[in-house]
Amino acid sequence: MKDSKPFEFNDLQGLLRFSHGRLTDTCFMLLNIVNTTLAKQWLNAAPISSASTIEPPPDTALQIAFSVQGLRTLGLKESVIADFSDEFILGMTGDESRSRRLGDIISNSPEHWNWGGDAAHVPHILLLLYARKDGMEIWRKTVEGEHFFQAFQVQTLLPTLDIGVIEPFGFADGISQPEIDWAQQQSTDLHQRDSFSNSLAVGEVVLGYPNEYREYTTRPLIDPQQDRVATKLLNAIDEPALKDLGRNGSYLVIRQLEQDVPGFWQFIDKETDSIAEKREQLAASMVGRKRDGSPLVQPAVEPISGIVSTNQNNHFTYESDPDGYKCPLGAHIRRANPRTGDFPPGVNGFISRLIKILGFGLNRPDDDLIASTRFHRILRRGRSYGPLLAPEDAVKKDAPAAERGLQFICVVGNISRQFEFVQNAWSMSSKFAGVQQESDPLLGHREPLLDGNSTAYFNRPEPAGVMHKTCHLPQFIRVRGGGYFFMPGLSALRYIVALPIDEDDNSL
Ligand code: HEM
């Protein structure tokens, strides 16, 4: 254990520490900079919320993130940009193989997106406004202030609507999150993390600090001798002679995911012969939780070492259910967070670890199929959109159609190792944990594999050897937009604003 030292929350954007849950009204804007000088003036005065705690808690919040095009427009040099991660520089739609890996093909493909799909016109800025109920109109006017519309063009206003603590299919959401070790007390020593832990090194979500590999994620470090403006930046902890543009910043992934709520419930209703109890069971097995948020695996009564959560519904691992009899292996939350440790269950202590490392001992065939979870966590910060439609109404033939879904947002230190890995290797994979011909029952696009094999199944095994197969799953969720952004620390934001610009009035 290291000495606890206070984290510099005053330099961190609030969204990293708080989900702003009390601030139910949101306005998410995608902006293009049309006048750089005015944009910088606005940015200079913008009341961006830090992660410091304030008493009483504020009634509003404002967060900001930039695409690589936005940073370029504000004057960040290519030589500095080159030290951001490749996936951030290339963007979510930057190359076909990335789109394929993310499942952004056929009807999910970027050419069908409402925004972000055209790599040449990626929005410069994502502005996230939060307010208490009915407070958004005034907050938006305050935030915009003067000259906002001369500085920026609003490319898209993303729809959002508060429907409570559930997502549009009707399941409780926002229950499971990693617990960030802000005090940096937890060891990232490999030998102390055999089993699943919910506590995560700061460097997994914030740049400039050690991550779960005890390393500093690559980010732009600037020599203050070469760049006078860089004195505004904080020093790099690992290289104190250099200034750290990444420190207290994170990557922010956003995807607009449209949910076919009537389609979801009507399919499940048909599969279960309209028997309400069975309908709930099948839907819950697809999610991995019942609608009220309780997990299908019984939460443990006694403390589980490594799980830090006040929510009893988050107090479980899948160790007691290796075959997926209670929570199917392919369920959404089991794929998104398999709650595995560095070693399979039962491997603890020097000798058994050594036996495992050397490849001896009695192993289950699927022991090594799932990577250790701690390297692939994401901090979710999404919000719903579209009118509420209760499952009981969604099953009716005349259920009102409307655009509904999730503005999925997650914050990570490494886009490819965290968000892209979860999306590709776990959610979309038809081989996750040894399952066959399945992908995520919620997120899957159901396209057959290159060898012609279907991915449109969902399997629920039973102890007696019976496998309940649900076939011909339709696509319930379509991608409607998305992008990769950088959410800077507040010193880094001041640096970006102070950068000299070559010429004014950028083209759209
Ligand atoms: C419209 C799309 C989506 C819906 C309806 C949805 C729904 C849900 C629900 C109901 C939960 C359970 C609540 C909780 O544990 O907090 C959940 C958890 C989760 N989802 Fe999603 N989700 C969606 C998209 C995604 C995407 C795109 C990802 C990542 C690639 C993702 C990753 C996760 C993770 C990591 C958890 C927590 C799992 C755990 O820690 O046990 N979800 N989601």
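Calculation criteria
Residues numbered from 1 in each chain as written. Predicted model: local features only at pLDDT ≥ 70, side-chain atom pairs only at ≥ 80, totals over all residues. Heavy atoms only, no water. Near = heavy atom within 4 Å. Polar contact = N/O pair within 3.5 Å; in protein donor to acceptor, adjacent residues only side chain to side chain. Helix = DSSP H or I, 4+ residues; strand = E, 2+ residues; numbered from the N terminus. Nonpolar A, V, L, I, M, F, W, Y, C, P; charged D, E, K, R; others polar. pLDDT = per-residue confidence, 0-100. Contact = heavy atoms within 4.5 Å. Axes fitted to C-alpha atoms, helices over the stretch in contact; angles between N-to-C directions. Parallel < 35°, antiparallel > 145°, perpendicular 65-115°, else oblique. Left-handed = near helix turned anticlockwise from the far one by under 90°. Donors = N, O, S within 2.8 Å, 3.2 Å for Na, K, Ca; no water. Salt bridge = Lys/Arg side-chain N within 4 Å of Asp/Glu carboxyl O. Buried < 20%, exposed > 50% of the residue type's maximum accessible area, 1.4 Å probe, protein only. Pairing = 2+ DSSP bridges. Phe/Tyr/Trp six-rings, centres within 6.5 Å; stacked < 30°, edge-to-face > 60°. Lys NZ or Arg CZ within 6 Å of the ring centre and 35° of its normal.

So, the site of the ligand
For the ligand, the set of nearby residues contains 27 residues, the closest of which are Ile-175, Ser-176, His-332, Arg-339 and Arg-380. The contact in question runs from an oxygen atom of the ligand to an N or O atom on the side chain of Arg-380, over 2.6 Å. Those elements giving two or more residues to the shell around the ligand turn out to be strand E9 (250–259), helix H10 (332–336), strand E12 (405–412) and helix H13 (416–428). Here the shell around the ligand is built from residues that sort into 15 nonpolar, six polar and six charged.

Digging into the confidence of the model for the chain
Note: predicted coordinates in regions of low pLDDT should not be interpreted at a detailed level. Averaged over all residues, the pLDDT of the chain equals 92, while 91% of them reach at least 70. With pLDDT under 50 throughout, residues 504–508 is counted as low confidence; its partners more than four residues away or in other chains account for twelve contacts.

Focus on the packing of helix H1 (residues 36–45) against helix H14 (residues 490–498)
Across the interface, H1 lies against H14 with an axial gap of 9 Å and an inter-helix angle of 155 degrees. By the angle between their directions, the pair H1 and H14 is classed as roughly antiparallel. Considering only the axes of H1 and H14, their crossing is left-handed. Residues Lys-40, Leu-43 and Asn-44 of H1 form the contact with H14, whose participating residues are Ile-496, Val-497 and Ala-498. Of the residues contributing to the contact of H1 with H14, the split by class is four nonpolar, one polar and one charged.

Describing the coordination of the iron atom of the ligand
With respect to protein ligation, the iron atom of the ligand binds only His-332 (NE2), at 2.1 Å. With respect to the element layout, His-332 can be found in helix H10.

Section: the packing of helix H8 (residues 261–271) against helix H9 (residues 276–287)
Put simply, H8 and H9 touch, their axes get as near as 9 Å, and they point 125 degrees apart. Classed by the angle they form, the pair H8 and H9 counts as oblique. In this structure, H8 meets H9 at a crossing whose hand is right-handed. Residues Phe-264, Trp-265, Phe-267, Ile-268, Asp-269 and Glu-271 of H8 touch H9, and the partners they reach there are Arg-279, Glu-280, Leu-282, Ala-283 and Met-286.

Describing the pattern of salt bridges
What the rule picks out here adds up to 20 salt bridges. Of the charged contacts in the structure, one is a salt bridge between Asp-59 and Arg-132, with a shortest N-O distance of 2.7 Å. With Asp-59 in the loop between H1 and strand E2 (60–66) and Arg-132 in the loop between strand E3 (125–131) and helix H6 (136–144), this residue pair connects regions lying 73 residues apart in the sequence. When its relative accessible area of 44% is taken as the criterion, Asp-59 is described as partly exposed. We note a salt bridge from Asp-342 to Arg-374, for which the minimum N-O separation is 2.4 Å. Within this pair, whereas Asp-342 is found in the loop between H10 and helix H11 (350–357), its partner Arg-374 is found in the loop between H11 and strand E10 (379–380), the two being separated by 32 residues in sequence. One network of salt bridges, with partners in common, ties together Asp-95, Arg-98 and Glu-420.

Let's talk about unusual backbone geometry
Going from Glu-55 to Pro-56, the amide bond is cis rather than trans, its omega being -10 degrees. Looking at where Pro-56 falls in the secondary structure, it is placed in the loop between H1 and E2. The phi dihedral of His-20 is positive, around 55 degrees, even though this residue is not glycine. Of note in this structure, His-472 is not a glycine but carries a positive phi near 50 degrees. Mapping His-472 onto the fold places it in the loop between strand E14 (467–470) and strand E15 (477–487).

Some remarks on the side chain of Arg-255
Structurally, Arg-255 can be placed in strand E9. Relative accessible area serves as the criterion here: at 2%, Arg-255 is assigned to the buried category. Side-chain polar atoms of Arg-255 contact the side chain of Asp-104, separated by 2.7 Å. In contact with Arg-255, other than residues within four places in its own chain, are Met-92, Leu-102, Asp-104, Trp-113, Leu-406, Gln-407, Phe-408, Phe-419, Gln-423, Val-479, Gly-481 and Gly-482.

Concerning the side chain of Ser-372
Among the structural elements, Ser-372 can be located in the loop between H11 and E10. Separated by 3.4 Å, the side chain of Ser-372 and the backbone oxygen of Gly-341 make a polar contact. Sequence-distant contacts of Ser-372, defined by excluding residues within four places in its chain, comprise Thr-340, Gly-341 and Asp-342.

A few points about the pairing of E12
The element E12 is extensively covered by neighbouring structure, given that eight of its eight residues are classed as buried. Bridge analysis of E9 against E12 gives eight bridges, and the strand direction is antiparallel. The residue bridging Tyr-251 from the neighbouring strand is Val-412, located in E12. Where E10 meets E12, two bridges bridge the pair, whose relative direction is antiparallel. The residue of E12 that forms the bridge with Arg-380 is Cys-410. For strand E11 (residues 383–385) and E12, the ladder comprises three bridges, and the chain directions are antiparallel.

A short note on H14
Counting buried residues along H14, seven of its nine residues qualify, which places the element largely inside the surrounding structure. Where H14 is buried, its residues touch H1, E2, helix H2 (68–73) and strand E7 (221–222).

Re the packing of aromatic side chains
Scanning all chains against the criterion turns up 26 aromatic pairs. With a centroid separation of 5.3 Å and an interplanar angle of 75 degrees, the aromatic rings of Phe-9 and Trp-182 are classed as edge-to-face. Taken as a pair, Phe-9 in the segment before strand E1 (25–33) and Trp-182 in the loop between strand E5 (179–180) and strand E6 (199–200) lie far apart in primary sequence, 173 residues in all. The residues Phe-9 and Trp-182 share a single accessibility class, namely buried. With a centroid separation of 5.0 Å and 50 degrees between ring planes, the pair formed by Phe-148 and Phe-152 is classed as tilted. The same class applies to Phe-148 as to Phe-152, namely buried. One aromatic cluster is present, built from ring pairs that chain together Phe-169, Phe-171, Phe-264, Trp-265, Phe-267 and Phe-476. One cation-aromatic arrangement involves Arg-339 over Phe-316; the distance from NZ or CZ to the ring centre is 3.8 Å. For Lys-469, the ring lying beneath its charged end belongs to Tyr-457, and the centroid distance is 5.1 Å.

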